[in-house]
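Tertiary structure, described
Spelled out from the first residue to the last, the chains are:
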Amino acid sequence: MTITALQLHLLLLLAPVAGASVDGVRVEILEGAIPYGSWDFSEAVEVTEAFVEPVFGIARLPRKYGPGGLIADRSNPHVVRATARVRLPAGRHELLLRSLNAARLRVDGRTIASTRFIQGNADGHEPVPDLPASDRPGLRPLPPGHVETIVEVELEGGEHEVVVEAFLGGKKLRPEVGELCLAIASAEDSRFRLLAPRGPDVVLSDAAWIAHARDALRRTREIERRRRRTASAGEDAYWHRRHEIARRHIARTASTAPRPPRVSPETPVFNDVDRFIGARLEAAGVEAAPLADDFAFIRRVSLDTRGIVPSPAEIETFLADHHADRRSRLIERMLESEAWADHWVPYWQDVLAENPGILKPKLNNTGPFRWWIRESFLDGKPIDRFVTELILMRGSRLGGGPAGFAMATQNDVPMAAKAHVLGTAFLGVQLKCARCHDAPHHRYTQEELFGLAAMLERKALEVPKTSSVPRTPEELEEMLITVSLKPGSSVRPTWPFAGLAGEVPPEILRDPSDSRERVAAMITQPANERFARAIANRVWKRFMGWGLVEPVDDWDGEEASHPALLEWLGRELVASGYDVKHIARLILESHAYQRVPRENARDVPPPEERHFRGPARRRMSAEQLVDSLFHAAGKELGSEELNLDVDARRPIDTFLNLGTPRRAWEFASLSNERDRPALSMPVAQSIIDVLKGFGWRETRQDPITDRDEALTVLQPLVLANGVLGQRVATLSDDSAFTALALRVRTPGALVRELCLRVLSREPTPAELDDLAGYLSDGFETRVVAGAEVADLDGSVAPTGGRARHAVSWSNHLSAEASRIKLELERAARRGDPPTTRLRTEWRERAEDVVWALINSPEFLFVP
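If you're wondering where the values come from, they're calculated on a predicted model, not measured in any experiment.

Right, let's talk about the packing of helix α16 (residues 563-575) against helix α17 (residues 580-588) for a bit. The interhelical angle for the contact between α16 and α17, taken along N-to-C directions, is 140°, at an axis separation of 8 Å. As far as their axial angle goes, α17 and α16 are oblique. Of the two possible hands of crossing, α16 and α17 adopt the one that is right-handed. Residues Trp568, Leu569, Glu572 and Leu573 of α16 lie in contact with α17, whose contacting residues are Val580, His582, Ile583 and Leu586. For the contact of α16 with α17, the per-class residue count stands at six nonpolar, one polar and one charged.

This next bit is on the sheet that holds strand β6 (residues 78-88). One open sheet holds the six strands; their spatial order is β2-β1-β6-β11-β8-β9, and the pairing between them is antiparallel. Single-partner strands in this sheet number two, and they are β2 (45-53) and β9 (110-114). This sheet shows a mean twist of 20° between the axes of neighbouring strands, independent of strand direction.

In this structure, proline 77 follows asparagine 76 across a cis peptide bond, with omega equal to 5°. Along the chain, proline 77 falls in the loop between β5 (71-72) and β6. Residue glutamate 550 is joined to proline 551 through a cis peptide bond whose omega torsion reads -5°. Note on placement: proline 551 falls in the loop between α15 (529-544) and α16. Positive phi, close to 65°, is recorded for arginine 458, a residue that is not glycine. Position of arginine 458 relative to the elements: it lies in the loop between α12 (446-457) and β14 (461-462). The exposure class assigned to arginine 458 is partly exposed, which follows from its relative accessible area of 39%. One non-glycine residue with positive phi stands out, namely alanine 648, at about 55°. Its place among the elements puts alanine 648 in the loop between α18 (622-633) and α19 (682-693).

Let us now look at the pattern of salt bridges. Here the structure, examined in full by the defined rule, presents 77 salt bridges. A salt bridge links arginine 81 to glutamate 28; the shortest N-O distance between them is 3.5 Å. Of this pair, arginine 81 sits in strand β6 while glutamate 28 sits in strand β1 (residues 25-32), and the two are 53 residues apart along the sequence. For glutamate 28, a relative accessible area of 6% translates into the label buried.

This brings us to the packing of helix α5 (residues 294-306) against helix α7 (residues 326-335). Interaxial distance between α5 and α7 falls to 9 Å at its minimum, and their mutual angle equals 25°. Relative to α7, the element α5 lies roughly parallel. The two elements α5 and α7 meet at a crossing, and its hand is right-handed. Where α5 abuts α7, its residues Asp294, Phe297, Ile298, Val301, Ser302, Thr305 and Arg306 lie against Arg326, Arg327, Leu330, Ile331, Met334 and Leu335. Tallied by class, the residues present in the contact of α5 with α7 amount to seven nonpolar, two polar and four charged.

Criteria and cut-off values
Residues numbered from 1 in each chain as written. Predicted model: local features only at pLDDT ≥ 70, side-chain atom pairs only at ≥ 80, totals over all residues. Heavy atoms only, no water. Axes fitted to C-alpha atoms, helices over the stretch in contact; angles between N-to-C directions. Helix = DSSP H or I, 4+ residues; strand = E, 2+ residues; numbered from the N terminus. Parallel < 35°, antiparallel > 145°, perpendicular 65-115°, else oblique. Left-handed = near helix turned anticlockwise from the far one by under 90°. Contact = heavy atoms within 4.5 Å. Nonpolar A, V, L, I, M, F, W, Y, C, P; charged D, E, K, R; others polar. Pairing = 2+ DSSP bridges. Buried < 20%, exposed > 50% of the residue type's maximum accessible area, 1.4 Å probe, protein only. Salt bridge = Lys/Arg side-chain N within 4 Å of Asp/Glu carboxyl O.

Here it is as structure tokens:
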């Protein structure tokens, strides 16, 4: 749809850009029949989006959203146009234009500079290009794959109209913006600054560009949030009606619903959850565990809601709060954090088998629907809507929308795989065995699985030869399995779980003829009590260590330990409008959750012995561990961009760019079919090594809920001796530990701060005495006067600066590409360069203390 002048004006007025106004740089996105290689497209395009940036520096574009607020694809190619009226003094100026693909600069309607159109590449045999060094001190080096041109112009003093246009994508090219910028320098000051109508003064240096890009990420995420809200308006009304229907269902069945039981005055009760748990404890004669102390509580709730340990400032704020409901106030703050969404992404990546590949993403992979998962939890999307969007599989297939879930390439019946995922995730039904034969240990047949798959496919499906057991009838008689469908059999779309849901109310179906929509409705309708209970059970297990039903993804033949509590939580979920946070809040605020853990989460007792006198003790997940280590150290992950085609010369269905990870869930498999050193990412690999050691899966071809929690010798080794542990413990100039060491006045104060950052508690008297004594020698003379701060830019930190190279798929077969990557691997193994602002002998003592804290068993466990 073409944006009208009024709509564009409103968009610009409402553009949520901190520090900018309509006097900033107006950025428009042009889509349509744009001919690649030509700027003659004025009659063939429309402005589909517009927003405002403070300067001529575009580091990231907001995602596009289609109906329902789902991530959508832009036309390929499309054009970005940045326009502003800029007041400049009279005289001679230098203008620097940088771009990844073709760009042009116009001033007052006259084209004065342009860059080349890029061409695709397939063979990988090109030479590695040199990255030219600039004669301007401090100028950010030209990024790989980019080009720049510098022109001198003589301008009259006054206001000038400046327009920068750039192509994104093209035939067999990925549409990426790269680092599109226009900078200016004058005779009086030779430093290039990003051109701006007014506002921020951004020098085009490494540090300034990275700070600008970080701000741009924040701004574009806020723009995206507003756009999702606008694009979702029509869907919101439908879901409000759906939830009213669900609430009426709850009201109609209230007379048969369980009520929180009475308990004795001695039983601790914070909310109704404790009445269900307390009644069971009383009946069994089991005493509840005591409450955890404040330090353990804030660490636990921070890990459980945000996936990271709390900061010392958050701990101090909590301890200084003397309100009677301060724990509830803390829980609310944690639930409102954006990190709530980040912490749920890896969980659903496992459960839904999200499995993107950066190389040849069509090769036995799904699309990267991780960003849709994050946005769903960021926006507080009701879980029934989340499931419906997943099942409908709309939006962008490779750009992050739920359509990526539909991908199961090199799978002759992809929807059979998806039916299995949906069954385990939302109904506690295991259908994996039914792919090739009737399940021997479950009640479900191959025909039932294929009937559900046919509903998802929206047509009858034939059973392929690969979905059968190639045995003679005589051989099959001697086996435990039954093969009731022959290859070539046609199975019509049929809902297989008659006992889980009745007929779908007609008012919740928008297209009764769409069998895929009917699957979503059958799963999420309020009459299907299994769905609400399955979701409540998953949230309960996440916080308490064990599910009320175990295993949470296979309920066949299993009993709930607390059936009335499970039913009550399911009804609470429905009555709240399917709000997962509501269930989380009920559990987190309970006395049962806040108690001292007593049992090991891996040792799941039978239902009759699962009393929940306290939560089960859990080890941190792999993502919690990695994110908490970097959070405690105040460092960026420092990974390379997850992209093997840095010059964007290959199509998106051949090479995905998953971006530069900021949280551990953003990593994916780095494997490449040729296993060449030139395609390695040594820093990312060092982080993935730790993730894999603690249960993270490099590929997720099957859905799981419970990861392998086995203890291995690799786990302490990879932390104690690996690159990641070394980076975290090193007091480099980008480390929060270094800042502490420079700031504190006594060794005891440093020990206290280190314990708060790493272990989320005060040191014990013995720890304080030992560690402070160890740090006392040389403490007074630890600071080196006049030492400079290293120029770390936050990307690929172990190299001691920006890892500049132009290795990409287009040249990965050259010997020079391998030589460069092997040198980067050696640099990564050396780790972060230590600060020179602290004397070496004392700094190493402080690093010993940090190393000991992060390698302590206490750090690894949720308290």
